[in-house]
Amino acid sequence: MNLKKSLLIFFLSLSILIACSHYPLNSNSLQEIAADNSNFQYIGRVNWQNPQAPIFSFPATAARFNFEGTTLKLKLADDNWGGTNYIGVYLDDNPVPIIINLDNDVQPQMYSVAEGLEDRIHQALVIKRNDYVTGEFSFHGIAIDANKNLRPPEIKTNRKIEVYGDSISSGSVVEYEQTSTQDPEGDTNNLSNGYLSFGAMLARDYQAQLSLIAQAGISLVDGYGFWNNGTGMEMVYDKIKPLKDAPRWDFGQYIPNLVIIALGQNDSATIDLNSDLNSIQWQEHYQSFLLDLRSKYPNAYFVCMFPNMFHDRVWDNYLTAAVARYKNEHNDDQVYSLITEQVTPGHPRVSEQKLMADALKNLIETTLVPAGFNW
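Residues numbered from 1 in each chain as written. Predicted model: local features only at pLDDT ≥ 70, side-chain atom pairs only at ≥ 80, totals over all residues. Heavy atoms only, no water.

K.L.:
Sorry if this is basic, but what is going on with the packing of aromatic side chains here?
P.N.:
How two aromatic rings sit relative to each other is given by the distance of their centres and the angle of their planes. According to the stated counting rule, one finds 24 aromatic pairs in the structure shown. Centroid distance F40 to Y42: 6.3 Å. Interplanar angle 45°. Geometry classified as tilted. Among the aromatic residues, those joined into a cluster by ring pairs are F40, Y42, W48, F56, F65, F67, F137 and F139. The ring of Y254 carries K160 above its face, with NZ or CZ at 5.3 Å from the centroid. Over the face of the ring belonging to Y195 we find R204, whose NZ or CZ atom lies 3.8 Å from the ring centre. (Phe/Tyr/Trp six-rings, centres within 6.5 Å; stacked < 30°, edge-to-face > 60°. Lys NZ or Arg CZ within 6 Å of the ring centre and 35° of its normal.)

Below, the structure written as structure tokens:
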């Protein structure tokens, strides 16, 4: 073989090697898809300050998408604000999630979800299990097989629910297996799951979207409760996360048909009615909160509820009185109250969350719909 022919073979071989290193043909190679791809469908109050790294702060905030192929990885970054963030990934029709325990690292990390899947189109739901006790995380996209595609998601339903609540609404300790008991000792973040909260269950019953504005320990009235030095919902309901200094939320991004207010548990536990507020003053705060939300959602129906965790039953009367007075003063017939049966001294578990979802569904079907409520 002459020198000229040898050099030609050498350079051809080198070209193939370089081409393969830049454009892998291996079926196991992956491609990244950024979070601003239009085939991602986002659910809940998402912070869009950076479109390529949307931030999930509230529980049950989620991304839904369909992907082709055999492999799925998520690119996520924790804010290292609180405890450990837990992410639930629901694949296809499997009701049991793949749980990812995020590293406390503000730099994006790639987390493996599944490998060796059947080579077809798969559905995925990536959901924030915890409330802001564990801080927030940013979603930077996914990685799938290099020769596969992200497919258009299902069209979003026009049915929309928004819930304002505390740890009960956020699904705290919902996966603890012992019902109607006190919560276990120690860190219970791994047992919390917004996907199993009554609001999420109700949304799935009606195939509705859900925006869950809930935070463990939060009271209605600012200065009480157990959250962040007494931060109340009346101070953070209009924020992109439950902190007083957080940016404001644009309410025009999400207009619910149904608003559920499930606050009062932490007020009842921390307000001394003999020396702090009296019952009439608390009711005035409740009415003001209702009025603020009504100004944001003039056409929505409202349900003001007391959940099924043990509390002094006199607070049920305060809530129903506040709602009745608001309705009379503002001639608003699209606001209702619901007092659920008390069933647990600890946080409601899955079956107890379902009792609240069923009570809400019964109220919707027997009272709201005959009164004119329509999705």
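K.L.:
I keep staring at the sheet that holds strand β15 (residues 258-262) and nothing clicks. Help me out?
P.N.:
Pairing between the strands of a sheet comes from backbone hydrogen bonds, and it takes one of two forms, parallel or antiparallel. Strand order in the open sheet formed by 5 strands is β14-β13-β15-β16-β17, with parallel pairing between adjacent strands. The open sheet has two free edges, formed respectively by β14 (209-214) and β17 (335-339), since each of these has just one partner strand. For this sheet the average axis-to-axis angle between neighbouring strands, irrespective of direction, equals 15°. In this structure, strand β13 (residues 160-165) lies alongside β14, joined through 6 bridges in parallel fashion. Paired with V163 across the bridge in β14 is L212. Helix α8 (residues 350-368) rests against β15, β16 (301-306) and β17 of the sheet, and its axis sits at about 140° to β16. (Pairing = 2+ DSSP bridges. Helix = DSSP H or I, 4+ residues; strand = E, 2+ residues; numbered from the N terminus. Axes fitted to C-alpha atoms, helices over the stretch in contact; angles between N-to-C directions. Contact = heavy atoms within 4.5 Å.)

K.L.:
Sorry if this is basic, but what is going on with the pattern of salt bridges here?
P.N.:
Pairs can form between side chains of opposite charge once their charged atoms are near each other. As enumerated under the stated definition, the model contains 16 salt bridges in all. Among the ionic pairs, D92 bridges to R120, the shortest N-O distance being 3.3 Å. Of the two residues, D92 is situated in the loop between β7 (86-91) and β8 (98-101) and R120 in strand β10 (residues 120-128); the sequence distance between them amounts to 28 residues. Given the relative accessible area of 34%, R120 is considered partly exposed. Where R349 meets D183, a salt bridge forms, and the shortest distance between an N and an O atom there is 2.8 Å. Taken together, the residues R349 in the loop between β17 and α8 and D183 in the loop between α2 (167-170) and α3 (198-205) connect sequence positions 166 residues apart. (Salt bridge = Lys/Arg side-chain N within 4 Å of Asp/Glu carboxyl O. Buried < 20%, exposed > 50% of the residue type's maximum accessible area, 1.4 Å probe, protein only.)

K.L.:
Help me understand the environment of L273, please; the structure alone is not making it clear to me.
P.N.:
Mapped onto the elements, L273 comes out in the loop between α5 (265-270) and α6 (279-296). Overall, the relative accessible area of 25% leaves L273 in the partly exposed class. Through-space distance from the C-alpha of L273 to that of Y206 is 39 Å; in sequence the pair is 67 residues apart. Those residues in contact with L273 that lie beyond four places of it in its chain are N278, S279, W315 and Y318.

K.L.:
Quick question: what am I supposed to make of unusual backbone geometry here?
P.N.:
Negative phi characterises most residues that are not glycine, and trans characterises most peptide bonds. Non-glycine residue A60 carries a positive phi angle of around 70°. Take A60: it is sitting in the loop between β4 (55-56) and β5 (62-69). Within the chain, D92 stands out as a residue other than glycine whose phi angle is a positive 55°.

K.L.:
What am I meant to see in the pairing of β14 here?
P.N.:
With 6 of its 6 residues buried, β14 lies for the most part within the structure. Of the two faces of β14, the one lined by Q209, S211 and I213 and the one lined by L210, L212 and A214 are each fully buried.

K.L.:
Please clarify how the nonpolar core should be interpreted in this entry.
P.N.:
Looking at soluble globular proteins, one finds that nonpolar side chains tend to be buried together. Core analysis: the biggest nonpolar cluster contains 40 residues, and Y164, M233, I261, Y286, F289 and L293 have the highest contact counts within it. Those elements giving two or more residues to this core turn out to be α4 (233-236), β15, α6, β16 and α7 (314-330). Broken down by element, the residue count for this core peaks at 6 residues, all from α7. When near neighbours in sequence (up to four residues on either side) are disregarded, M233 contacts Y164, G165, I213, I218, S219, L220, L263 and F289. Counting 38 residues, the second-largest nonpolar core is a separate cluster that includes I43, I161, L196 and Y301. (Core = buried A, V, L, I, M, F, W, Y, C linked by side-chain atoms within 4.5 Å.)

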